[in-house]
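Architecture and fold: a report
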Amino acid sequence: MLLALLGGGAWGQSLPPVRIGDQPGFTRVVLDLPKEATYTIEPLGAALRVTLPNQTVPPGIHFVTLPELTGYVMEQFEDRAVLILLTPQGVTARSGFKTMILAALEGDGQRLVIDLSGAFVDTSPLPGASGFRFVKANGRRFSVVVDAGHGGSDPGAVGPVVEKAVNLEVALRVRRLLQDAGVEVTMTREGDTAFSLDKRTDLTQRIAVAEGKNLFVSIHANAMVPAHADGWCGLEVYYFGPRNIRPFFPPPAPLEPTPQLALTPSPLDALSTTTQTGGLPTLPGYPALPGYPALTGYPALPGNEPDVLPSSEDRKALPPQNLPTPTPQMNLLRRMELSRTLATRVVSYMLGATAALNRGVRVSDFFVLRYTTVPAILVEMGYLSHPVEGLNLRNAHYLDRISYGIARGVLEYLENDDPLE
Ligand SMILES: [Zn+2]
């Protein structure tokens, strides 16, 4: 018995202490292992389990105060050591962690490096798929408004990407996917423009476009104040509803086997041939728009507001101006219900497509949600202030996945939930 354990090579000698480092946007855990050591890593949802056969650790519970790691547990079994990393953002096979093996800094051992972040997501190329086909809604012609948030003199949030630009990138992709499925799409903008320099007039014009359409989708990216930028990532979708409704968190929708969207070639495909340079994904042909603030230093946000979209005027939710009041197509309660259903479908398919952190379906009184006369949602596709997620939003494959999730959610809503007039 003793010989067998000695044969494992490590009995009686504990591994060196786990090393933990706080990096921008992720936590790095390093295990110094002997050269011959093997390991298995299993995502358990709320924790990541690392099993080390024939190794010895001092059992114990350790608490850590980092956005991506709240603590770790070490357990010793007869033939193996187990390390359990407690991750508040969660881990799945597609998200939450990355690993690599490096040579030891000294000696002939090895380092097992585990990086933890809620912004580690699926950025692989989206597989091509056959066309989406309406079945229940056969024969109906749907009409949708896609609103790329901000534009012109209003950049929105600024980080590794500028919000108005990434909003448009995604809005154009969503338009193509919806059009491929036979949906008529109206854009509130197709370039770096806005209806008006005056925010209220601009937003009023945007929602006016929605009159008589089936639904309105506004596309945004989020940002957090620099002091909290490290800890905030993930996607969320808003609808207008009563205050104080708690967010809820629908599970990811499987992308198969229901009808799939066609991903036919278009000029945008040039953007999908992303090349990685020094680990930083770049968007070839990313629009160089004049007058952008520098890429460092996010605009200061008031208080702890997680979003910079509504500007201060928007926050006050002033009624629209300069246009006749549109006629609601349905009563407010019905519109809220349908908007919530649409938000739920879009969140689920975005999660399915990206494996991003789920910040859920939320209520807000954003202007474009409150005053639109048709079911309306506002998508926050991630925090560009987050050191990792901000880079995700520069990755064309990731934008493809975001766009697919939005379009697929919209199509499933139209197929299953849109009320017959
Ligand atoms: Zn915005």
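In the block above lies the structure referred to throughout.
Residues numbered from 1 in each chain as written. Predicted model: local features only at pLDDT ≥ 70, side-chain atom pairs only at ≥ 80, totals over all residues.

1. Notes on the sheet that holds strand E12 (residues 215-222)
For clarity, the cut-off: In this analysis, strands are considered paired if DSSP registers two or more bridges between them. Only runs of H or I of at least four residues qualify as helices and only runs of E of at least two qualify as strands under DSSP, and these elements are numbered from the N terminus. Convention adopted: a line fitted to C-alpha atoms gives each axis, helices being fitted over their contacting stretch, and angles between N-to-C directions are expressed from 0 to 180 degrees.
Taken in spatial order, the six strands line up as E11-E10-E12-E17-E13-E16 in an open sheet, and their pairing is mixed. Sheet topology places strand E11 (184-187) and strand E16 (358-363) at the edges, where each strand pairs with a single neighbour. Sheet twist, expressed as the mean angle between neighbouring strand axes with direction ignored, is 20 degrees. Two strands pair when backbone bridges link them, and strand E10 (residues 143-148) and E12 are joined in this way by five bridges, in the parallel orientation.

2. Side note on the nonpolar core
In plain terms, the rule: We call a set of buried Ala, Val, Leu, Ile, Met, Phe, Trp, Tyr and Cys residues a nonpolar core when their C-beta atoms link them within 7 Å. Using C-beta atoms placed from the backbone, we call a residue buried if 20 or more other C-beta atoms fall within 10 Å of its own, exposed if 12 or fewer do, and partly exposed for counts in between. Domain start and stop points were drawn from an automatic or database domain assignment. Note that contacts rest on C-beta atoms placed from the backbone: two residues are in contact if these are within 7 Å.
With 106 residues, the main nonpolar core has Val-144, Val-217, Val-346, Met-350, Ala-376, Ile-377 and Val-410 as its most contacted residues. The leading source of residues in this core is helix H8 (residues 396-416), at 11 residues. When residues of this core are assigned to domains, at least three map to each of domain 1 (12-116) and domain 2 (143-416). Those residues in contact with Met-350, other than ones at most four positions away along the chain, are Leu-235, Ala-356, Ile-402, Gly-405, Ile-406 and Gly-409.

3. Some words on the packing of helix H5 (residues 332-354) against H8
The condition that has to hold: Here is the rule for handedness: rotate from the far helix to the near one, and if that takes an anticlockwise turn smaller than a right angle the crossing is left-handed, while a clockwise turn gives right-handed. Any residue outside Ala, Val, Leu, Ile, Met, Phe, Trp, Tyr, Cys, Pro, Asp, Glu, Lys and Arg is labelled polar, Gly included; the first ten of those are nonpolar and the last four are charged.
Relative orientation of the contacting elements H5 and H8 amounts to 145 degrees, with a least axis distance of 7 Å. In this structure, H5 crosses over H8, and the sense of that crossing is right-handed. Side by side, H5 and H8 meet where Thr-341, Leu-342, Arg-345, Val-346, Ser-348, Tyr-349, Met-350, Gly-352, Ala-353 and Thr-354 of the first sit next to Tyr-398, Arg-401, Ile-402, Tyr-404, Gly-405, Ile-406, Arg-408, Gly-409, Val-410, Glu-412 and Tyr-413 of the second. Residue composition of the contact of H5 with H8, by class: 11 nonpolar, six polar and four charged.

4. Here we look at the sheet that holds strand E3 (residues 40-43)
Read from one edge to the other, the open sheet built from five strands follows the order E3-E4-E7-E6-E5, with strand pairing classed as antiparallel. Strand pairing shows two members of the sheet lacking a second neighbour, E3 and strand E5 (60-66), which therefore form its edges. Taking the axes of each pair of neighbouring strands and ignoring which way they run, one obtains an average angle of 15 degrees across the sheet. Looking at chain direction, E5 and strand E6 (residues 69-76) are connected through five bridges and run antiparallel. From the neighbouring strand, Ile-61 faces E6, where its bridge partner is Val-73.

5. Let's talk about H8
Short version of the rule: For a helix, the expected span equals 1.5 Å multiplied by the number of residues minus one.
Between the first and last C-alpha of H8 there are 30 Å, a value that for 21 residues agrees with the 30 Å anticipated at 1.5 Å per step. Among the 21 residues in H8, 19 count as buried, and that is most of the element.

6. So, the pairing of strand E9 (residues 110-116)
Pairing of strand E2 (residues 26-33) with E9 involves seven bridges; the strand directions are antiparallel. By the bridge assignment, Leu-33 is partnered in E9 with Gln-110. Pairing of strand E8 (residues 97-103) with E9, which is carried by seven bridges, proceeds in the antiparallel orientation. Looking across to E9, one finds that Leu-102 is bridged to Arg-111. Linking E8 back to E9 in an antiparallel pair, the connection comprises six residues, with Gly-107 at a positive phi of about 80 degrees.

7. Some words on the pairing of strand E4 (residues 45-53)
Here E3 pairs with E4 via four bridges, running antiparallel. By the bridge assignment, Glu-42 is partnered in E4 with Arg-49. Between the antiparallel neighbours E3 and E4 lie one residue. Here E4 runs beside strand E7 (residues 80-91); their pairing, made up of eight bridges, is antiparallel. The residue bridging Leu-52 from the neighbouring strand is Ala-81, located in E7.

8. Examining helix H2 (residues 163-180)
The end-to-end C-alpha distance of H2, which contains 18 residues, comes to 26 Å, matching closely the 26 Å that a straight helix rising 1.5 Å per residue would cover. Within H2, 16 of the 18 residues are buried, leaving the element largely enclosed by the surrounding structure. At the C-terminal side of H2, Gly-182 shows a positive phi close to 90 degrees.

9. Topic: the environment of Gly-191
Among the structural elements, Gly-191 can be located in the loop between E11 and helix H3 (199-208). A residue is classified by how many C-beta atoms lie within 10 Å of it, and Gly-191, with 11 of them, is exposed.

10. A few points about the packing of H2 against H8
Threshold: Should an angle lie under 35 degrees it is considered roughly parallel, over 145 roughly antiparallel, and from 65 to 115 roughly perpendicular; all remaining angles are considered oblique.
Running from amino to carboxyl end, H2 crosses H8 at an angle of 50 degrees, the nearest separation of the two axes being 9 Å. If you check the angle between H2 and H8, you find them oblique. The chirality of how H2 crosses H8 is right-handed. Residues Glu-169, Val-170, Arg-173, Val-174, Leu-177 and Leu-178 of H2 form the contact with H8, whose participating residues are Leu-399, Asp-400, Ile-402, Ser-403, Tyr-404, Ile-406, Ala-407 and Val-410. Partitioned by chemical class, the residues of the contact of H2 with H8 number 10 nonpolar, one polar and three charged.

11. Some remarks on the environment of Leu-399
Summarising the element assignment, Leu-399 is placed in helix H8. Residues Leu-399 and Met-381, spaced 18 residues apart in sequence, show a C-alpha to C-alpha distance of 9.2 Å. Not counting the four nearest positions on each side in its chain, Leu-399 is found in contact with Glu-169, Val-170 and Arg-173.

12. Regarding the environment of Leu-197
Position of Leu-197 relative to the elements: it lies in the loop between E11 and H3. For the pair Leu-197 and Gly-151, spaced 46 residues apart in sequence, the C-alpha separation works out to 9.8 Å.

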